[in-house]
Amino acid sequence: MEDIKTDIKSLSLEELKAEMKKIGEKPFRAKQLYEWFHVKLARDYDEMTNISKGLKEKLKSGYTYTALKIVEVQTSQIDGTKKYLFELADKSLVESVWMQYHHGNSVCISSQVGCRMGCKFCASTIGGLERGLTPSEMLDQIYAISKDTGERVSNVVVMGTGEPLDNYDNLLKFITLLTDENGLNISQRNITVSTCGIVENMRRLADEDLQITLALSLHGSTQEKRRALMPIADKYDLDEVIAACQYYFEKTGRRITFEYSLVGGVNDMEEDAENLCRLVSGLNCHINLIPVNLIKERDYTASQKKDVMRFKERLEKKHINVTVRREMGRDIDGACGQLRRRHHISDHTSKI
Ligand code: SAH
């Protein structure tokens, strides 16, 4: 049987200490290594100057060390946003985005290779799910970008390819490591996890005693409208999803963000705005309107600018917190998952 090596960068400090004991090393080595992995963001063992050659050899032969390879970087000429395409050890590709805001630098990471949720307007789901990312593969998107830009990351959004709550245990471990005071020490309040609405796991997350923000991809203000865009709505009724949001707020005190991608003539009309107001009334929430990014595999149209503004005004009139998402990196491969997809397609054609 093939020996599966331990992924050393996914271990907590305590687990790493136990591992050192197992291989006959002193516990303080764990702290040194952990710092190289999660603070100094070393790309390989050779950078780790205070680690003996003997220990490095043991680590190289007994463990895997995750360090994603940058395949392509696209930089926006408009706002400096950067899109990264990374290759994982098994040659899978994932993409991440780096954005600079006045309140700090933000990274949007992927949680899976591909996705099985099937949302109708999303490019990430077209090839289906390949696999979930390990905690270290999620972390290293941030680490590699931080190293490449030479700047500190203050905010992390799990809004790239994949459904984070479909990779629950790895997501939780990732959050624990990312917010560890011995590691990068990112504040829980600066982390947002976006879900299409997997109800059991939203409730589970609410019970974890975390201070992260939960974003719910709504996209439809009635069960029927939501079902037309999101197959996951066949499984969970809108009422159940909203009740889970309410529960999340009650347990954590964190205001829910609703994401609502506006698709021309599908969910951007007056009655949609009115139903949306009714749906969220009484909930402490914020609504983020996203003019849909068009992907060439689907023939949707984006809402016109005036319809977006009218939709926003209708919500504002009912005193709902609403913003239209600033389009970052408009000039580089638009919608989620498109950069990865373009590579997949060219890989394919080059093989034919
Ligand atoms: N699976 C998670 C997170 C990934 S997608 C989720 O569903 O929330 C992050 C957000 O981008 C989601 O709200 C998703 O619906 C939205 N999105 C995906 N493709 C889009 C597109 N082409 N245009 C606008 N929003 C899109």
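Before reading further, recall that the structure is shown in the block above.
Residues numbered from 1 in each chain as written. Predicted model: local features only at pLDDT ≥ 70, side-chain atom pairs only at ≥ 80, totals over all residues. Heavy atoms only, no water.

Asker: Looking at this structure, I do not really get the site of the ligand. What am I missing?
Answerer: Among the 18 residues in the neighbourhood of the ligand, the closest are listed as Phe-121, Ser-194, Ser-217, His-219 and Asn-293. The separation between a nitrogen atom of the ligand and a polar main-chain atom of Phe-121 is 3.0 Å. Cys-196 is positioned with one of its backbone polar atoms (N or O) 3.5 Å from an oxygen atom of the ligand. Of all the elements in the fold, those that place two or more residues in the shell around the ligand are β10 (191–195) and β12 (256–262). By residue class, the composition of the shell around the ligand is 8 nonpolar, 8 polar and 2 charged. (Near = heavy atom within 4 Å. Polar contact = N/O pair within 3.5 Å; in protein donor to acceptor, adjacent residues only side chain to side chain. Helix = DSSP H or I, 4+ residues; strand = E, 2+ residues; numbered from the N terminus. Nonpolar A, V, L, I, M, F, W, Y, C, P; charged D, E, K, R; others polar.)

Asker: When you look at the sheet that holds strand β14 (residues 321–324) in this model, what are you seeing that I'm missing?
Answerer: Within a beta sheet, neighbouring strands are joined by backbone hydrogen bonds and run either parallel or antiparallel to one another. Strands sit in the order β3-β4-β5-β6-β9-β10-β11-β12-β13-β14 across an open sheet of 10 strands; the sheet is mixed. Of all strands in the sheet, those with a lone pairing partner are β3 (69–75) and β14, marking the two edges. Direction aside, neighbouring strands of the sheet carry axes that sit 20 degrees apart on average. Across 3 bridges, strand β11 (residues 213–217) lies against β12 in parallel orientation. Bridge pairing in β12 places Ser-217 opposite Glu-259. (Pairing = 2+ DSSP bridges. Axes fitted to C-alpha atoms, helices over the stretch in contact; angles between N-to-C directions.)

Asker: What should I look at first to understand a negative patch on the surface in this one?
Answerer: Together, Glu-200, Asp-237, Asp-239 and Glu-240 make up a negatively charged patch on the protein surface. Inspection of the secondary structure assignment puts Glu-200 in helix α6 (residues 199–206). A relative accessible area of 45% means that Glu-200 is categorised as partly exposed. (Patch = residues over 30% accessible without salt bridge, like charges linked within 9 Å, V, L, I, M, F, W, Y side chains within 5 Å. Areas by Shrake-Rupley, 256 points an atom, 1.4 Å probe, with all protein chains shown as cover. Salt bridge = Lys/Arg side-chain N within 4 Å of Asp/Glu carboxyl O. Lys, Arg positive; Asp, Glu negative; His and termini not counted. Charge placed at Lys NZ, Arg CZ, Asp CG, Glu CD. Buried < 20%, exposed > 50% of the residue type's maximum accessible area, 1.4 Å probe, protein only.)

Asker: Can you walk me through the layout of surface pockets in this structure?
Answerer: Which parts of space are left empty comes out when a probe the size of a water molecule is rolled across the atoms. The space that makes up the second largest pocket amounts to roughly 250 Å³. In terms of lining, the second largest pocket is formed by 15 residues, of which the most central are Thr-66, Leu-88, Ala-89, Asp-90 and Glu-137. Tallied by class, the residues present in the lining of the second largest pocket amount to 5 nonpolar, 4 polar and 6 charged. (1 Å grid on protein atoms, 1.4 Å probe; cavity = no way out; pocket = protein on both sides within 12 Å on 5 of 7 lines; lining within 4 Å. Points joined across faces, edges and corners; volume = space filled by probe spheres on them.)

Asker: Explanation requested: the nonpolar core in the structure shown.
Answerer: The nonpolar side chains of a soluble globular protein tend to be buried, and buried together. Judged by nonpolar contacts, the single largest core of 96 residues is most densely connected at Ile-142, Phe-174, Phe-258 and Ile-287. Not counting residues up to four positions away in its chain, the partners in contact with Phe-258 are Leu-216, Leu-218, Ile-242, Cys-245, Val-280, Leu-283, Cys-285, His-286, Ile-287 and Asn-288. Core analysis: the next-biggest nonpolar cluster, separate from the first, contains 7 residues, Met-99, Cys-108, Met-159 and Ala-215 among them. (Core = buried A, V, L, I, M, F, W, Y, C linked by side-chain atoms within 4.5 Å. Contact = heavy atoms within 4.5 Å.)

Asker: For this particular structure, what's the right way to read the side chain of Asp-268?
Answerer: Looking at the secondary structure, you find Asp-268 in the loop between β12 and α9 (270–280). Lys-225 is the oppositely charged side chain nearest to the buried, salt-bridge-free Asp-268, at an N-O distance of 7.3 Å. A polar atom in the side chain of Asp-268 sits 2.9 Å from the backbone nitrogen of Gly-265. Residue contacts for Asp-268: discarding those within four places in its chain leaves Leu-262, Val-263, Ser-303, Asp-307 and Phe-311.

Asker: I would appreciate a short explanation of α9 in the present structure.
Answerer: Quick reminder: α-helices carry 3.6 residues per turn. Residues three or four places apart thus point the same way. Considered for burial, the residues of α9 that qualify are Asp-272, Ala-273, Asn-275, Leu-276, Cys-277, Leu-279 and Val-280. Two residues or fewer past α9, Gly-282 is found with a positive phi of approximately 90 degrees.

Asker: It is not clear to me how unusual backbone geometry should be interpreted in this structure. Could you clarify?
Answerer: Note: most residues except glycine have negative phi, and most peptide bonds are trans. Positioned with a positive phi, Asp-209 is a non-glycine residue whose angle comes to about 65 degrees. With respect to the secondary-structure elements, Asp-209 resides in the loop between α6 and β11. Even without being glycine, His-319 reaches a positive phi, approximately 60 degrees. Judged by relative accessible area, which is 73%, His-319 ranks as exposed.

Asker: What exactly am I supposed to notice about the pattern of salt bridges here?
Answerer: Pairing between side chains of opposite charge can happen when their charged atoms approach one another. Going through the model one piece at a time under the given rule, you end up with 24 salt bridges. One salt bridge connects Asp-272 with Lys-225, and the closest N-O pair in it is separated by 3.0 Å. You can see Asp-272 sitting in helix α9 and its partner Lys-225 sitting in helix α7 (residues 223–229), a full 47 residues away along the chain. A residue is classified by how much of its surface remains accessible, and Asp-272, at 1% relative accessible area, is buried. Arg-314 is the partner of Glu-270 in a salt bridge, and the nearest nitrogen-oxygen pair spans 3.5 Å. Taken together, the residues span a long stretch of sequence, with Glu-270 in helix α9 and Arg-314 in helix α10 (residues 305–317) at a distance of 44 residues. Its relative accessible area of 42% is what places Glu-270 among the partly exposed residues. Here Arg-314 falls in the partly exposed class, since its relative accessible area comes to 25%. Connected through salt bridges with shared partners, the residues Lys-9, Arg-43 and Asp-140 form a single ionic network.

Asker: So what exactly am I meant to see when it comes to the pairing of β12 here?
Answerer: For a regular strand, side chains alternate in direction, first toward one face of the sheet and then toward the other. Counting buried residues along β12, 7 of its 7 residues qualify, which places the element largely inside the surrounding structure. Every second residue of β12 is oriented toward a common face, with Ile-256, Phe-258, Tyr-260 and Leu-262 on one face and Thr-257, Glu-259 and Ser-261 on the other, all of them buried. Alignment of β12 against strand β13 (residues 285–291), held across 7 bridges, turns out to be parallel. Pairing of Ser-261 across the sheet is with Ile-290, part of β13. With α9 bridging β12 and its parallel neighbour β13, the resulting β-α-β unit is right-handed. (Right-handed = clockwise from strand over helix to strand, strands pointing away.)

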